[in-house]
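Read off the chains here:
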Amino acid sequence: MKGLKSYVIITIGSILYALSFDWFLAPNHFAVGGVTGLAQILHHLYPPLTIGVTTLLLNIPLFLAGWWKIGWKLLLGSLFSMAVSSLSIDALNLLFDFQPMNPILACVYGGLLMGIGSGLIFSQGATTGGSDIVAKLLKLKYPWLPMGRLVMIPDMVVMILVTLVFGAMEPLLYGLINLYIYSKAMDTVLYGAMDARVAYIVSDLWRDISEALLREQGRGVTILQGQGAYTGQEKQVLMIAFRQREIVEIKQRIFQLDPHAFLIVCDARDILGDGFAAYRKEE
């Protein structure tokens, strides 16, 4: 059942990816990165080669080169995704006559839809093939970089080639906007909206504040040992992780108890554990 659910998610992501390309990117002749961009070039030079079939053919050597690093289990999901997205690109073109639209709208919504689709695919450990496989391999070497940023590297190289073939700068400029939105949308799907915050509280009434946050907010509080550099006085520093929506209540409670409290609130890139996200090996 778990495997079936995974393939359903991959299928939905692959169709969204194909729909985004056909509806927003191809009609406006944006510079597209990865193997899809290379397929776009070959289709432009030799129209009988459809983009979907060409994408499928170009992916074969990449899969052969990367299978030993990615593993057969993940490779099977990627092959499935690649087949569904490639066939969907051609099928949707046969069913619908997609026309050019306002390029800014196409950039924004095309990047958003494609990013969501790719994020769903990557969330199941698969890829759409091509530069996504390159990004997956780069992730092994640079695990601290978000997947969206890694995808941008090979995509930008291909986008420059697309620009040279089509002989205009506008497709590249629009393509870069699309690529940025695409990478952000993908990372949001993969890693969440990142609305977590961490607060550091310095107060003489740290015990009252700690008890109130534990009791009323239901959040764990960590007590850190601190010392004032000027006074040399020892201080208890409270650290608490919470969601953005909780910040108003937390601020109100802290300053109700101690109007002279010192509060620092920071964005948290990732919080894993009870009450937040769970660790996922594929990240």
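Note that the structure is predicted; figures quoted are calculated from it, not measured.

## Here we look at the overall build of the chain
When its secondary structure is counted, the chain shows 10 helices and four strands. For the chain, the sequential pattern of α-helices and β-strands runs α-α-α-α-α-α-α-α-β-α-β-β-α-β. Burial status across the chain gives 44% buried among its 283 residues. Summarising the internal contacts of the chain: among those between residues at least 6 apart in sequence, 73% fall at separations of at least 24. If you sum the accessible surface of the chain, you get close to 15,300 Å²; carbon and sulfur atoms cover 66% of it.

## A look at the pattern of salt bridges
Scanning the model with the defined rule gives five salt bridges in all. In this structure, Arg215 engages Glu216 in a salt bridge whose closest nitrogen and oxygen atoms are separated by 3.5 Å. Since its relative accessible area comes to 57%, Arg215 is described here as exposed. With its nearest N and O atoms 3.0 Å apart, the salt bridge here joins Glu246 to Arg219. Linking Glu246 in the loop between strand S3 (234-243) and helix H10 (247-257) with Arg219 in the loop between helix H9 (206-217) and strand S2 (221-227), this pair joins segments that are 27 residues apart in sequence. Accessibility classification places Glu246 together with Arg219 in one group, the buried group.

## A short note on the packing of H9 against H10
It is at 10 Å that the axes of H9 and H10 come closest, and there the two elements cross at 145°. In this structure, H9 meets H10 at a crossing whose hand is right-handed. Where H9 approaches H10, its residues Asp208, Ile209, Ala212, Leu213, Arg215, Glu216 and Gln217 are matched on the opposing element by Glu249, Ile250, Arg253, Ile254 and Leu257. In the contact of H9 with H10, the residues fall into six nonpolar, one polar and five charged.

## Notes on the sheet that holds strand S1 (residues 196-202)
Backbone hydrogen bonds hold the strands of a sheet together, and the pairing may be parallel or antiparallel. Spatially, four strands are ordered S2-S3-S1-S4 in an open sheet, and the strand pairing comes out antiparallel. The open sheet has two edge strands, S2 and strand S4 (262-267), and neither has a second partner. Recorded for the sheet is a direction-independent mean angle of 25° between the axes of neighbouring strands. Pairing analysis gives six bridges linking S1 to S4, with the strands arranged antiparallel. Residue pairing across strands places Val202 opposite Phe262, the latter belonging to S4. Packing against the sheet, H9 makes contact with S1, S2 and S3, and its axis sits at approximately 15° to S3.

## Topic: helix H5 (residues 103-123)
Compared with the 30 Å implied by 1.5 Å per residue over 21 residues, the 29 Å span of H5 between its first and last C-alpha is a close match. N-capping of H5 is provided by Asn102, with a side-chain oxygen placed 3.0 Å from the backbone N of Ile104. The positive-phi residue at the C-terminal boundary of H5 is Gly125, with phi of around 80°.

## Things to note about the environment of Tyr109
By the secondary structure assignment, Tyr109 is in helix H5. The exposure class assigned to Tyr109 is partly exposed, which follows from its relative accessible area of 46%. The spacing of Tyr109 and Asn178 is 69 residues in sequence and 8.3 Å in space, taken between C-alpha atoms.

## Details of the packing of helix H7 (residues 147-166) against helix H8 (residues 170-191)
At a closest axis distance of 10 Å, the pairing of H7 and H8 adopts a crossing angle of 160°. Regarding the angle of H7 to H8, the classification is roughly antiparallel. Here H7 runs over H8; the crossing is right-handed. Here H7 contributes Met147, Gly148, Arg149, Val151, Met152, Asp155, Met156, Met159, Ile160 and Thr163 to the contact with H8, which in turn contributes Leu172, Gly175, Leu176, Leu179, Tyr182, Ser183, Met186, Asp187, Leu190 and Tyr191.

## Notes on the nonpolar core
Core analysis: the biggest nonpolar cluster contains 34 residues, and Phe21, Leu25, Met147, Val151, Tyr182 and Met186 have the highest contact counts within it. Mapped onto this core, the elements with two or more residues apiece are helix H1 (2-25), helix H2 (34-45), helix H4 (72-95), H5, H7 and H8. Residue contributions to this core peak at seven residues, all from H7. Contacts of Leu25, omitting those with residues within four sequence positions, involve Ser20, Phe30, Val32, Ala106, Met114 and Asn178. One finds Ile201, Ile240, Ile247 and Ile254 within the second-largest nonpolar core, a separate group that totals 13 residues.

Rules used throughout
- Residues numbered from 1 in each chain as written.
- Predicted model: local features only at pLDDT ≥ 70, side-chain atom pairs only at ≥ 80, totals over all residues.
- Heavy atoms only, no water.
- Helix = DSSP H or I, 4+ residues; strand = E, 2+ residues; numbered from the N terminus.
- Buried < 20%, exposed > 50% of the residue type's maximum accessible area, 1.4 Å probe, protein only.
- Contact = heavy atoms within 4.5 Å.
- Areas by Shrake-Rupley, 256 points an atom, 1.4 Å probe, with all protein chains shown as cover.
- Salt bridge = Lys/Arg side-chain N within 4 Å of Asp/Glu carboxyl O.
- Axes fitted to C-alpha atoms, helices over the stretch in contact; angles between N-to-C directions.
- Left-handed = near helix turned anticlockwise from the far one by under 90°.
- Nonpolar A, V, L, I, M, F, W, Y, C, P; charged D, E, K, R; others polar.
- Pairing = 2+ DSSP bridges.
- Expected span 1.5 Å × (residues − 1).
- Polar contact = N/O pair within 3.5 Å; in protein donor to acceptor, adjacent residues only side chain to side chain.
- Parallel < 35°, antiparallel > 145°, perpendicular 65-115°, else oblique.
- Core = buried A, V, L, I, M, F, W, Y, C linked by side-chain atoms within 4.5 Å.

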